[in-house]
Protein chains: 2
Amino acid sequence: MKYPTPPTVIPLDNILPDEPLLMMGAGPVPIPPKVAMANSLIINHLGDTMNAVIEQVKTMGRYVFQTNSPHVMGVAGPASAAMEMAIANLVEPGTRVLSICNGLFSRRLAEMADRVGGDVTRLDAPDKRAISAEDVEKALKTGRFQILTVVQGETSNTVWNRDLVEICRLGKQYGCLNIVDAVCTLSTMPMEMDEWMVDAIITGGQKGLSSIPGVSLIAFSEEAFARIEARNSPMAHWCLDARLAHQFWHNHSYHYTAPVSGILALHEALRLIGDETLPGRFRRHAQCSKALQNGVEAMGLKLLIAEDSRLNSVVGIELPEVISADQVRHIMSQVHKVEISGAFGLPIVRIGQMGEQSRAPNLFRTLHALGSAMRAAGGKVDMPGGMAELERSLASEVRG
Amino acid sequence: MKYPTPPTVIPLDNILPDEPLLMMGAGPVPIPPKVAMANSLIINHLGDTMNAVIEQVKTMGRYVFQTNSPHVMGVAGPASAAMEMAIANLVEPGTRVLSICNGLFSRRLAEMADRVGGDVTRLDAPDKRAISAEDVEKALKTGRFQILTVVQGETSNTVWNRDLVEICRLGKQYGCLNIVDAVCTLSTMPMEMDEWMVDAIITGGQKGLSSIPGVSLIAFSEEAFARIEARNSPMAHWCLDARLAHQFWHNHSYHYTAPVSGILALHEALRLIGDETLPGRFRRHAQCSKALQNGVEAMGLKLLIAEDSRLNSVVGIELPEVISADQVRHIMSQVHKVEISGAFGLPIVRIGQMGEQSRAPNLFRTLHALGSAMRAAGGKVDMPGGMAELERSLASEVRG
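Every value quoted in this text rests on a predicted model; they were computed, and no experiment measured them. (Residues numbered from 1 in each chain as written. Chains lettered and ligands numbered in written order. Predicted model: local features only at pLDDT ≥ 70, side-chain atom pairs only at ≥ 80, totals over all residues. Heavy atoms only, no water.)

Peer 1: Account for the overall build of chain A, with residues named and values stated.
Peer 2: Counting its secondary structure elements, chain A contains 14 helices and 14 strands. Taking 400 residues into account, the globule formula puts the C-alpha radius of gyration at 21 Å, and chain A, at 22 Å, falls close to it. Each principal axis of the C-alpha atoms in chain A carries an extent, and together these give about 70 × 60 × 45 Å. When the 400 residues of chain A are sorted by exposure, 66% land in the buried category. (Helix = DSSP H or I, 4+ residues; strand = E, 2+ residues; numbered from the N terminus. Rg over C-alpha atoms; globule rule 2.2 N^0.38 Å. Buried < 20%, exposed > 50% of the residue type's maximum accessible area, 1.4 Å probe, protein only.)

Take a look at the structure:
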């Protein structure tokens, strides 16, 4: 045969660093060994074994979402695909949507709603601030909205919409189904789908759950799913059609070949959350993130967001104007083998506090690396002060 | 806090069989240890390391597709998502589509084209037969089609469209862009994207490539991508928008968080294909599949599809009326730890010959398990005759 020579390839071992980097950015996050092990397995996508796994994933999904709705499903795709699934199934051409916009990811929900023909109104939150329930109510009064979209935490600028419960209550009061993006927050802070009247809740694997990116989780309320089953307008989407996905997730039958290894990984990630319990997990995240924030401030750096709007799951840190975020991140990864995130145009770095990231050894290593890199880049930081405060905060009782 | 007790969960170890099943169905297929290892790793989805991996995946993707087009991309989703990506980007409302239908998967392409507003004509192949170039030309003459969709092999009924090269030539002659589904065939038999004038080519991870399900591969010709870049009509799809996906796959920038572990797995799977070379891989698949088919027939069983339309990548075997496919499959998995597929309503079983499935030890184990299960289910089979023929065929020279 006339086939050309295959391309020369650098072995993966030579591309990957000899010492794996500690993943302390805005996701993906480190995964526990049991999750990694599960992700290396391949089993049949249909049949009794897979069905047993699926049933448990749904049951554990209900626990992390705090819902009794049966309509919990995995999604073969990134968290953005789960976002798109919520939107594409609930927004029909002409559906009036109110999208609360805090930044990149909340705007992504609005864009997805535009694409499926929604009549979308964007409500911008003030810069670096959570949206207030008052502002949401004012907007809700201006149009008969049918869908409200909101993020619990905005990963891009590290804002936490603390009024979420009241916002969802208002959404229902004004006739909306509430779509809530809990991509970076789920299992790091309370989220009670039923109690809070959330109709579609979304998360990714690679954030709080500490599973892999590429297999996500979604739940619809009974009311939302009834709306989906009753819809008459055709859907452009096939893979993300919730009625088709139901075939696999609830009827033990075929939709497409499910990402079996990723679902096994998700199973293990959810099981570990149950072992720790949600309250235990929330405590750990609050304590670790607060300790990190305190340590950063004690080191002499400023946090991007004021405390009353500040997210714990991802921490945004301002850099002095003379210091380049890219340079700091480069030194941290090259010298200290710690990887953190930049931002989308903002002069900040972001440190994740999701799942396995929120462990004391990771915090010491990260804060030390951040301070050292700042110093190497010409910044002034009080490193002993920072490390002392981190230790002090970790040892103190969590408030709230 | 008032959170209820987490659900009781059966550990994964107690759900998975103690002895892993040999996956000999229509996919997923067994993955090599290097692929499993890569799939257990998490790295950052952006940055130099990931960029180096992505560049190699594209280069190796061009080799397996046999194309010089730069527009090779991974897809975070099942092969169906790659199918949907090809359709959703190339079919606009009113686009005239000719969909050649051999069974479930080729019809899926047509359904996806319906959903995005295509004006779709279905051309049904005769039952259990490949479509002929003559029939395709007749259909092409009846309407000014802009898109032609066709599967190289139809996984559901194991038909091989052997006239594919001529069909694609006709498609171009009559003004179409050719979308070819090579989901179950890629790397098991020749596919020369550029030479054959294919404009969009699709495959899944979990078939010939022997990677995981959930991360797929697609390539567009330069002509197809130019069409996509020039399109004016809005797209309902966000994750599968090829222009957005280009950001990550070609501009080293952000679209959504890529499925990093699955991409590392795909990298290793493609690297192993390069090591073996495509001609070597085609020979192995042809030899193994033919040997299996001969062994099955020598055992006294009938293959579903006549030789001139028969696919090698998935082998469909008729069962005597009195024997239940479910029972045979159950015995094979419980007693022999070999899993094969049923079919979608057809009284057949299907054995995969894709990637790692096409290895002599797997063939002996599978044929022995099939024969033993048939016998246990009350069927009459010549097991020594079957095993002898399998050995004989494996040892003989491959023709063609």
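Next comes the rest of the write-up.
Peer 1: Provide a residue-level description of the domain arrangement of chain A, including the pertinent values.
Peer 2: Residue and element names in this part refer to chain A. Parsing chain A into structural domains produces domain 1 (12–27 + 278–395) and domain 2 (33–275). Distance between the C-alpha centres of domain 1 and domain 2: 28 Å. Contact residues are listed per partner, giving 28 residues for domain 1 and 29 residues for domain 2. When domain 1 packs against domain 2, the two sides together hide about 2300 Å² of surface, and 58% of this comes from carbon and sulfur. One can count one salt bridge joining domain 1 with domain 2. (Domains from an automatic or database assignment. Contact = heavy atoms within 4.5 Å. Buried area = accessible area lost by both parts, 1.4 Å probe. Salt bridge = Lys/Arg side-chain N within 4 Å of Asp/Glu carboxyl O.)

Peer 1: Give a description of the UniProt feature "binding site: substrate" (unreviewed entry) in chain A that names residues and reports values.
Peer 2: The feature "binding site: substrate" (unreviewed entry), as given by UniProt, occupies Arg350 of chain A in the numbering adopted here. Side-chain polar atoms of Arg350 of chain A contact the backbone oxygen of Thr155 of chain A, separated by 2.7 Å. (UniProt positions renumbered as here; feature names shortened; annotations may be inferred. Polar contact = N/O pair within 3.5 Å; in protein donor to acceptor, adjacent residues only side chain to side chain.)

Peer 1: Quick rundown of the relation of the copies chain A and chain B? Include the residues and the values.
Peer 2: Superposing chain A onto chain B requires a rotation of 180° together with a translation of 0.0 Å along the rotation axis, leaving an RMSD of 0.0 Å. Taken together, these values place the two copies in the relation of a two-fold axis. (Least-squares fit on C-alpha atoms with pLDDT ≥ 70 in both.)

Peer 1: Give me the lowdown on the UniProt feature "modified residue: N6-(pyridoxal phosphate)lysine" (unreviewed entry) in chain A, citing residues and values where you can.
Peer 2: Residues and elements named next belong to chain A. Listed under "modified residue: N6-(pyridoxal phosphate)lysine" (unreviewed entry) in the UniProt record, and renumbered for this structure, are Lys207. Secondary-structure assignment places Lys207 in the loop between strand E9 (200–203) and strand E10 (215–220). For Lys207, a relative accessible area of 6% puts it in the buried group. In this structure, Lys207 is in contact with Ala26, Gly27, Val29, Thr155, Val183, Cys184, Met354 and Gly355, ignoring residues within four places of it in sequence.

Peer 1: With reference to specific residues and values, describe the environment of Leu209 of chain B.
Peer 2: All names here are of chain B. Mapped onto the elements, Leu209 comes out in the loop between strand E9 (200–203) and strand E10 (215–220). Remark: the alpha-carbon pair of Leu209 and Leu266, spanning 57 residues in sequence, is separated by 7.9 Å. Those residues in contact with Leu209 that lie beyond four places of it in its chain are Leu186, Ser187, Thr203, Gly204, Leu217, Leu266, Ala269, Leu270, Ile273 and Arg281.

Peer 1: So what's going on with the pairing of strand E12 (residues 314–318) of chain A? Residues and values would help.
Peer 2: Note on strand geometry: in a regular strand, side chains alternate between the two faces of the sheet. Residue and element names in this part refer to chain A. Across the five residues of E12, four count as buried, placing the element largely inside the fold. In this structure, strand E11 (residues 302–303) lies alongside E12, joined through two bridges in antiparallel fashion. Residue pairing in the sheet places Lys302 in a bridge with Glu318 of E12. (Pairing = 2+ DSSP bridges.)

Peer 1: I'd love a proper account of helix H10 (residues 260–276) of chain B, names of residues and values included.
Peer 2: Residue and element names in this part refer to chain B. Relative to the 24 Å expected for 17 residues at 1.5 Å per residue, H10 spans 25 Å between its end C-alpha atoms, a close match to the ideal helical length. H10 sits mainly inside the fold: 14 of its 17 residues count as buried. Following H10 by one or two positions, Thr277 adopts a phi angle in the positive range, close to 70°. (Expected span 1.5 Å × (residues − 1).)

Peer 1: Lay out the interface of chain A and chain B with the relevant residues and their values.
Peer 2: Across the boundary between the two partners, chain A contributes 83 residues, which contact 83 residues of chain B. Summing both sides of the interface, chain A and chain B together bury roughly 6700 Å²; the carbon and sulfur share of this comes to 67%. Counting the surface chain A buries against chain B, the share from its top three residues, Tyr3, Arg115 and Trp238 of chain A, is 12%. Applying the counting rule to chain A against chain B returns two salt bridges. For Arg115 of chain B, the salt bridge is made with Asp241 of chain A, and the minimal N-O distance between the two is 3.0 Å. For the interface between chain A and chain B, the tally reads 25 residue pairs in polar contact (both at pLDDT 80 or more). Listing elements by their share of the side of chain A that touches chain B, those giving two or more residues are helix H1 (12–15), helix H2 (33–39), helix H3 (48–65), helix H4 (79–90), helix H5 (104–115), helix H10 (260–276) and helix H11 (278–298) of chain A.

Peer 1: Please give an account of the packing of aromatic side chains that cites residues and values.
Peer 2: All names here are of chain A. Scanning the entire structure with this criterion turns up eight aromatic pairs over all chains. For the pair Phe248 and Trp249, a centre-to-centre distance of 5.4 Å together with 85° between the ring planes defines the contact as edge-to-face. Here the basic side chain of Arg96 rests over the ring of Phe145, its NZ or CZ set 5.5 Å away from the ring centre. (Phe/Tyr/Trp six-rings, centres within 6.5 Å; stacked < 30°, edge-to-face > 60°. Lys NZ or Arg CZ within 6 Å of the ring centre and 35° of its normal.)

Peer 1: Which residues make up the sheet that holds strand E12 (residues 314–318) of chain B, and what are the values?
Peer 2: Strand order in the open sheet formed by three strands is E11-E12-E14 (chain B), with antiparallel pairing between adjacent strands. The open sheet is flanked by strand E11 (302–303) and strand E14 (348–352) of chain B, the only strands paired with a single partner.

Peer 1: Pulling in residues and values, what's your account of the pattern of salt bridges?
Peer 2: Overall, the coordinates contain 39 salt bridges over all chains when judged by the stated rule. A salt bridge links Lys290 of chain B to Glu307 of chain B, with the nearest nitrogen and oxygen atoms 3.6 Å apart. Of this pair, Lys290 of chain B sits in helix H11 (residues 278–298) while Glu307 of chain B is found in the loop between E11 and E12, placing the two residues 17 residues apart along the sequence. What makes Glu307 of chain B partly exposed here is its relative accessible area of 48%. Within the structure, one salt-bridge network assembled from shared partners comprises Glu111 and Arg115 of chain A together with Asp241 and Arg243 of chain B.

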